[in-house]
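# Descriptive analysis of the structure
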Amino acid sequence: MIAGILKEPSFETRVSLLPEAVAALRKKGITVLIESGAGVKASAADEDYERAGAEIKTAAEVVSSSDIILCIHKPATALLPGKVVIGVFQPLFNVSDMKSWAEQGLTVFSLDMLPRTTRAQSMDVLSSQANIAGYKAVLHAANIFPKYFPMFMTAAGSIAPAKLLILGAGVAGLQAIATGRRLGAVVEVFDTRPAVKEEVMSLGAKFIEVEGAADASKAGGYAVEQTEEFMQKQKQKIADSIAKADIVITTAQIPGKKAPILVTTSMIEAMKRGSVIIDIASATGGNTDLTKNNETIFHNGVAIVGNSALASSMPSDASKLYGKNVMNFMALITSKEGNLQLNWEDDLVKGSCITHDGKIVHERVTGA
Ligand code: NAD
């Protein structure tokens, strides 16, 4: 079998597989082709890939010769019928691309659609990349924030610790709590899933409960949309906390839907000048009234950073972990001899396959 790695679009710094993973594929007897320059921004040169046993090609050569094409974003190069493509395509938001790939006869796997089960954890690109986003969100905030994070008692006077408010304690939120605590901040947290309370507290943060959240126990670990009444109650409590916060990291998302607005303009106007909001839900609309995706704006002296691509600011480790996820997924869809083997009874194969046999085969995408 031949696997091909494509260079990502110019806005992306990551690559779907680093040389260390290429060597592991070669051991399985899989030939690896890589588009020239694909790994450069992730500190992996063509020569590193060659040393690991890959062949350097053009994009068109990679597409025409490979059985499986590995990428992160939608490839810029035209794909060919019969190819298997593995990436992160957000199919619920990009149904027309999925239709056109189905018509082109591609078998497309989108790793962001994997069920969030224990068996899927090693392939879970959302988790591996969200973990980085949570970490970098705090570091980015610390860089912009005009004060210290830790408490200091010095001869020149005392410094109070920064107050960090985290909205959404999923993978990114939990890492943001841990990183904020390591830097010495005092951390408060909101989430609609009461199940995260213990994890939040074990990281040394305060969990603020809002009664009456919709039951999300059947949503596979994800959040669900809340009633208007709950959202009002939650906004009131957030308003109390946000007025005291120095840094706010917002991460709240609902799969396939617009992100909920948790921070209103009037809440931002009640914040202290110099405060920072990092909104990592910006790609799906953001959690504040004022978020602009891929932009930093200032309102009344408060910086509002809309950035859902923070994993790309750490391209080496982000690519390493993404590649590890891809390798684990490849092991699921290939035989020991390195041939393609799709088991349609497997919930992970079924749950991540979007197009096959000329059709969209994923129920959530056909219904989107
Ligand atoms: P996410 O990115 O979809 O959402 C981030 C957080 O925002 C979630 O914790 C969610 O509850 C919260 N949120 C949504 N609406 C909110 C609101 N109105 N107010 C406050 N918070 C709100 O979540 P994620 O990081 O992808 O993880 C979601 C959950 O999935 C995890 O906590 C875990 O239970 C599960 N998970 C399972 C696996 C696995 O087993 N393979 C891997 C990762 C995550």
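Each chain carries its own residue numbering, running from 1 in the written order of its sequence. Residues qualify for local features only when their pLDDT is at least 70, as the model is predicted, and side-chain atom pairs are given and counted only at 80 or more; totals for whole chains, interfaces and linings, by contrast, use all residues. Computation of side-chain values covers all heavy atoms of the structure but excludes hydrogens and water.

Working definition of a nonpolar core: buried Ala, Val, Leu, Ile, Met, Phe, Trp, Tyr and Cys residues. They are joined through side-chain atoms within 4.5 Å. Note on exposure labels: buried denotes an accessible area under 20% of the residue type's maximum, exposed denotes more than 50%, and partly exposed covers the range between, all computed with a 1.4 Å probe on protein chains only. Ile-86, Phe-329 and Met-330 are the most contacted members of the largest nonpolar core, which has 39 residues in total. Numbering of helices and strands runs from the N terminus; a helix is a DSSP stretch of H or I covering at least four residues, while a strand is a stretch of E covering at least two. Counting only elements with at least two residues in this core, the list comes to β1 (2-5), α1 (19-27), β2 (31-35), β4 (68-70), β5 (84-87), α10 (315-333) and α11 (347-352). Considering each element in turn, this core owes the most residues, seven residues, to α10. Not counting residues within four places of it along the chain, the set of residues in contact with Phe-329 comprises Ile-86, Phe-109, Leu-111, Leu-114, Met-123, Leu-348 and Ser-352. Membership of the second largest hydrophobic core comes to 29 residues, among which are Ala-162, Leu-174, Ile-177 and Ile-247. Residue contacts are counted whenever heavy atoms from the two residues lie within 4.5 Å of one another.

A few words now on the site of the ligand. Near is defined per residue: the residue qualifies when any heavy atom it owns lies within 4 Å of the molecule or strand. Around the ligand, 22 residues are found, and the nearest of them are Arg-116, Val-171, Asp-191, Arg-193 and Gln-234. Two N or O atoms form a polar contact when they lie within 3.5 Å of each other; inside protein one atom must be a possible hydrogen donor and the other a possible acceptor, and for residues adjacent in sequence the pair counts only when both atoms belong to side chains. Gln-121 has a polar side-chain atom sitting 3.3 Å from an oxygen atom of the ligand. For the ligand, a nitrogen atom lies 2.7 Å from a polar atom in the side chain of Gln-234. Its residues assigned to classes, the shell around the ligand shows seven nonpolar, eleven polar and four charged. When residues are grouped by polarity, Ala, Val, Leu, Ile, Met, Phe, Trp, Tyr, Cys and Pro land in nonpolar, Asp, Glu, Lys and Arg in charged, and all others, Gly among them, in polar.

Let's shift gears to the domain arrangement of the protein. What counts as a domain boundary in this text is fixed by an automatic or database domain assignment. Domains assigned within the protein are domain 1 (2-113 + 315-354) and domain 2 (127-313). Placing a centre on the C-alpha atoms of domain 1 and another on those of domain 2 gives a separation of 33 Å. Counting from both sides, the interface comprises eleven residues of domain 1 and, opposite them, nine residues of domain 2. Of the roughly 770 Å² buried between domain 1 and domain 2, counting both surfaces, carbon and sulfur atoms make up 57%. In short, buried area is how much 1.4 Å probe accessible area vanishes from two parts on joining, totalled over both. Among the residues domain 1 hides against domain 2, the three largest losses belong to Arg-14, Phe-93 and Ala-318. Together they make up 44% of the total. Salt bridge criterion: a side-chain nitrogen from Lys or Arg within 4 Å of a carboxyl oxygen from Asp or Glu. At the boundary of domain 1 with domain 2, the tally comes to zero salt bridges. Counting every contact that joins domain 1 to domain 2 gives six residue pairs in polar contact (both at pLDDT 80 or more).

Relative orientation and spacing of two packed helices are given, respectively, by the angle between their axes and the distance between those axes. Axis separation between helix α5 (residues 125-144) and α10 bottoms out at 9 Å; the angle between their running directions is 165 degrees. Overall, the two elements α5 and α10 adopt an arrangement that is roughly antiparallel. The crossing of α5 and α10 is right-handed. The residues of α10 that touch α5, namely those facing Val-125, Ser-128, Gln-129 and Ile-132, are Asp-317, Ala-318, Leu-321, Tyr-322 and Asn-325. Interaxial angle, 0 to 180 degrees, is taken between N-to-C directions of lines fitted to C-alpha atoms, where a helix line uses only the stretch in contact. Oblique is the label for any angle not covered by the other classes, which are roughly parallel (under 35 degrees), roughly antiparallel (over 145) and roughly perpendicular (65 to 115). By convention the crossing between two helices is left-handed if the near helix lies anticlockwise of the far one by an angle smaller than a right angle, and right-handed if it lies clockwise.

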